[in-house]
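# Descriptive structure summary
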Amino acid sequence: MDFTFTEEQEAAAEAARGVFADVAPDSVPSPSLTRGAVAEGFDRELWARLAEADLLSLLLDETHGGAGLDAVALCGVLRESGKVLARVPLLESCAAAAALQAHAEPELTSGLLAGTGRGEVVLTVAAHGRTGHDPAELAVTARPDGPEWVLDGVQTAVPWAFDADHVLVPAHTGSGRSVLALVPHGHPGTTLAEQISTAGERLGELRLDSARLPRRCVVTADGAWEWLRGLLAAGTCALALGLGERVLRMTADYTGTREQFGHPLATFQAVAVQAADRYIDLRAMEITLWQAAWRLGSGTPGALPVSGDVAVAKIWASEGVRRVVQTAQHLHGGFGADVDYPLHRYHAWAKHLELSLGPAAAHEEALGDLLAAHPLSG
């Protein structure tokens with residue numbers, strides 16, 4: 001692949017840096033000191049600024065008021081978002097809109113997508129299934145019934161579920177097919193129960209009890225959910241990368257000024273080696289992220305299906321972000337746990353991202369299955 005960014009991709013990242021420049025990670029109460037959610041909803045003021053900068057419509061075509069960019073551009077913006085722990089449904093709303101644009105009927109997308117690009121309509125995705133471990137599409141059944149589809153099941157840990165206007169829900173038909181159902185907030189036959197993430201954010205357990213949707217609200221195109229799942233994974237890897245980069249910078253600043261025995265901590269070999277190892281982690285996270293995002297955005301064929309590149313990116317992001325924050329805590333000493341210092345917030349968000357990505361061992365097993373099914377030649 002070509003790792004050179006286009007002018008448009010670089011411009012999107014630069015615009016994101018400008019929007020996120022004054023975002024403070026401690027703009028809400030600390031999750032360590034808060035019983036329940038740290039806030040009722042996401043940062044609406046920041047959401048409006050993202051819309052003004054045209055960063056909510058990156059993946060939308062010009063017909064929907066968008067820039068027509070790709071997954072690489074979105075991941076570049078999400079990387080900047082992760083650096084400041086931005087509390088907005090940027091990944092979920094943009095990814096859901098892109099999936100609907102690519103696979104839904106115009107009857108559904110007309111007007112809806114333009115609204116998402118302007119920040120007037122918020123979308124989210126139920127991507128964690130019933131337990132957070134099993135495939136999300138298996139948690140909900142969907143069956144056609146005349147002019148409607150009927151949905152039953154449970155999706156757990158739905159991000160921004162109480163704030164979104166629509167939830168895009170993966171489901172299975174019982175015949176091995178996956179569909180995507182666009183469920184409006186408060187739709188008859190649906191209930192939401194509050195859940196709290198490790199970062200203190202408000203999630204929702206979505207229950208569907210014979211929820212009926214018109215046929216136009218269910219996307220049946222082959223590969224729609226698989227592509228969306230890959231984009232969500234790549235976006236989460238981008239958030240982890242940005243978070244890890246900011247944490248390593250915080251660690252470098254701290255160890256460069258904190259002195260022991262009359263010398264900065266950073267001058268000790270044991271400290272420098274640990275920091276260097278984490279830098280290597282971040283570079284591996286970065287290169288595997290761009291490989292996966294490029295495959296998703298370009299559709300370029302490879303020796304393995306794109307899910308193989310996504311699995312590699314998830315392996316590095318899940319393990320890498322954990323190692324980065326653990327090393328940062330170690331090198332900060334007790335200062336890293338001080339609730340008046342932002343590192344503990346980054347640690348909580350990193351744990352949430354790690355759990356969202358899933359265990360590296362599971363992705364390694366999936367990658368092994370792909371290699372067995374698609375043996376690489378000589």
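For the structure, check the block above.
For the structure given in this document, a descriptive report is provided here. If you're wondering where the values come from, they're calculated on a predicted model, not measured in any experiment. (Residues numbered from 1 in each chain as written. Predicted model: local features only at pLDDT ≥ 70, side-chain atom pairs only at ≥ 80, totals over all residues. Heavy atoms only, no water.)

### Observations concerning the overall build of the chain
Helix and strand counts for the chain come out as 11 helices and 10 strands. Based on the C-alpha atoms only, the size of the chain along its principal axes is roughly 80 × 55 × 40 Å. The buried share of the chain, taken over its 378 residues, is 52%. By sequence separation, contacts in the chain at least 24 residues apart represent 74% of the contacts at least 6 residues apart. (Helix = DSSP H or I, 4+ residues; strand = E, 2+ residues; numbered from the N terminus. Buried < 20%, exposed > 50% of the residue type's maximum accessible area, 1.4 Å probe, protein only. Contact = heavy atoms within 4.5 Å.)

### Considering helix α10 (residues 343–357)
Along an α-helix, residues three or four apart share an orientation, since each turn contains 3.6 residues. Given a rise of 1.5 Å per residue, 15 residues ought to cover 21 Å, and the 21 Å separating the end C-alpha atoms of α10 matches this to within 8%. Here α10 has its buried residues at Leu343, His344, Arg345, Tyr346, Ala348, Trp349, Ala350, Leu353, Glu354 and Leu357. The inward-facing, buried residues of α10 abut α3 (71–83), α7 (224–257), α9 (306–332) and α11 (360–373). Positive backbone phi, at 90°, marks glycine 358, one or two positions downstream of α10. (Expected span 1.5 Å × (residues − 1).)

### With respect to the packing of aromatic side chains
Taken as a whole and judged by the stated rule, the model has 3 aromatic pairs. Taking 5.1 Å as the distance between ring centres and 80° as the angle between the ring planes, the aromatic pair formed by phenylalanine 5 and tryptophan 290 counts as edge-to-face. Of the two residues, phenylalanine 5 is situated in the segment before α1 (7–20) and tryptophan 290 in helix α8 (residues 269–298); the sequence distance between them amounts to 285 residues. The partly exposed category is assigned to phenylalanine 5, whose relative accessible area is 30%. The buried category is assigned to tryptophan 290, whose relative accessible area is 5%. In this structure an aromatic cluster arises from ring pairing among Phe42, Trp47 and Trp160. For arginine 202, the ring lying beneath its charged end belongs to phenylalanine 162, and the centroid distance is 3.8 Å. Here arginine 283 stacks its cationic end above the ring of tyrosine 279, 5.0 Å away from the centre of that ring. (Phe/Tyr/Trp six-rings, centres within 6.5 Å; stacked < 30°, edge-to-face > 60°. Lys NZ or Arg CZ within 6 Å of the ring centre and 35° of its normal.)

### A word on the nonpolar core
One finds Phe20, Leu50, Leu100, Leu228 and Leu243 to be the most contacted residues of the largest nonpolar core, which totals 109 residues. Ignoring anything within four residues of it in the chain, the contact list for leucine 243 reads Gly82, Lys83, Leu85, Val321, Val325, Tyr346, Trp349, Ala350 and Leu353. Ranked by size, the runner-up nonpolar core spans 6 residues in total, among them Ala311, Ile315, Ala360 and Leu367. (Core = buried A, V, L, I, M, F, W, Y, C linked by side-chain atoms within 4.5 Å.)

### Details of the pattern of salt bridges
Per the stated rule, a full pass over the model turns up 24 salt bridges. Salt-bridge contacts for glutamate 319 lead to arginine 322; the nearest nitrogen and oxygen are separated by 3.0 Å. A residue pair is termed a helical-turn pair when its members lie 3 or 4 positions apart in one helix, as glutamate 319 and arginine 322 do in helix α9 at 3 residues. In this structure, the salt-bridge partner of glutamate 354 is arginine 322, at a minimum N-O distance of 3.7 Å. With a gap of 32 residues between them, glutamate 354 in helix α10 and arginine 322 in helix α9 connect regions that are remote in the sequence. (Salt bridge = Lys/Arg side-chain N within 4 Å of Asp/Glu carboxyl O.)

### A closer look at α11
With 14 residues, α11 should reach 20 Å at 1.5 Å per residue; the first-to-last C-alpha distance of 20 Å fits that figure. Every buried residue of α11 is listed here: Ala360, His363, Leu367 and Leu370. Buried residues of α11, viewed axially, fall in a sector of 80°; they line one side. When the buried face of α11 is taken as reference, the exposed residues oriented beyond 90 degrees from it are Ala361, Glu365, Asp369, Ala372 and Ala373. For α11, the elements touching its buried residues are α9 and α10. (Arc of directions from axis to C-beta.)

### Brief notes about the pairing of strand β4 (residues 166–172)
Most of β4 sits inside the fold, with 7 of its 7 residues counted as buried. Covered by surrounding structure in β4 are His166, Leu168, Pro170 and His172 together with Val167, Val169 and Ala171, the residues of both alternating faces. Relative to β4, strand β1 (residues 123–125) is paired through 3 bridges, and the arrangement is parallel. Note that in β4 the partner of threonine 124 across the bridge is valine 167. When β4 meets strand β5 (residues 178–184), the two strands line up antiparallel, connected through 7 bridges. Residue pairing for β5: valine 169 is matched across the bridge by alanine 181. Joining the antiparallel neighbours β4 and β5 is a turn of 5 residues, in which glycine 174 adopts a positive phi near 95°. (Pairing = 2+ DSSP bridges.)

### Thoughts on the environment of glutamate 201
Note that glutamate 201 resides in the loop between β6 (190–196) and β7 (202–214). On the accessibility criterion, glutamate 201 (7% relative accessible area) is buried. Spatially, the C-alpha atom of glutamate 201 lies 8.8 Å from that of phenylalanine 42, the residues being 159 residues apart in sequence. When residues no more than four places from it in sequence are discounted, the contact partners of glutamate 201 are Val38, Arg87, Trp160, Gln195, Ile196 and Trp349.

### Quick word on the side chain of serine 30
Mapped onto the secondary structure, serine 30 falls in the loop between α1 and α2 (44–52). Of the polar contacts made by the side chain of serine 30, one reaches the backbone nitrogen of serine 32; its length is 3.1 Å. Here serine 30 is in contact with Val38, Val339, His344 and Arg345, once residues within four sequence places are set aside. (Polar contact = N/O pair within 3.5 Å; in protein donor to acceptor, adjacent residues only side chain to side chain.)

### Side note on the packing of α3 against α7
One way to put it is that α3 packs onto α7 with a least axis distance of 7 Å and a crossing angle of 40°. Between α3 and α7, the crossing angle belongs to the class labelled oblique. As α3 packs across α7, the resulting crossing turns out to be right-handed. Here Ala71, Leu74, Cys75, Leu78, Arg79, Ser81, Gly82 and Lys83 of α3 come into contact with α7, specifically with Leu231, Ala234, Gly235, Ala238, Leu239, Leu241, Gly242, Leu243, Glu245 and Arg246. Class assignment of the residues belonging to the contact of α3 with α7 gives a composition of 10 nonpolar, 4 polar and 4 charged. (Axes fitted to C-alpha atoms, helices over the stretch in contact; angles between N-to-C directions. Parallel < 35°, antiparallel > 145°, perpendicular 65-115°, else oblique. Left-handed = near helix turned anticlockwise from the far one by under 90°. Nonpolar A, V, L, I, M, F, W, Y, C, P; charged D, E, K, R; others polar.)

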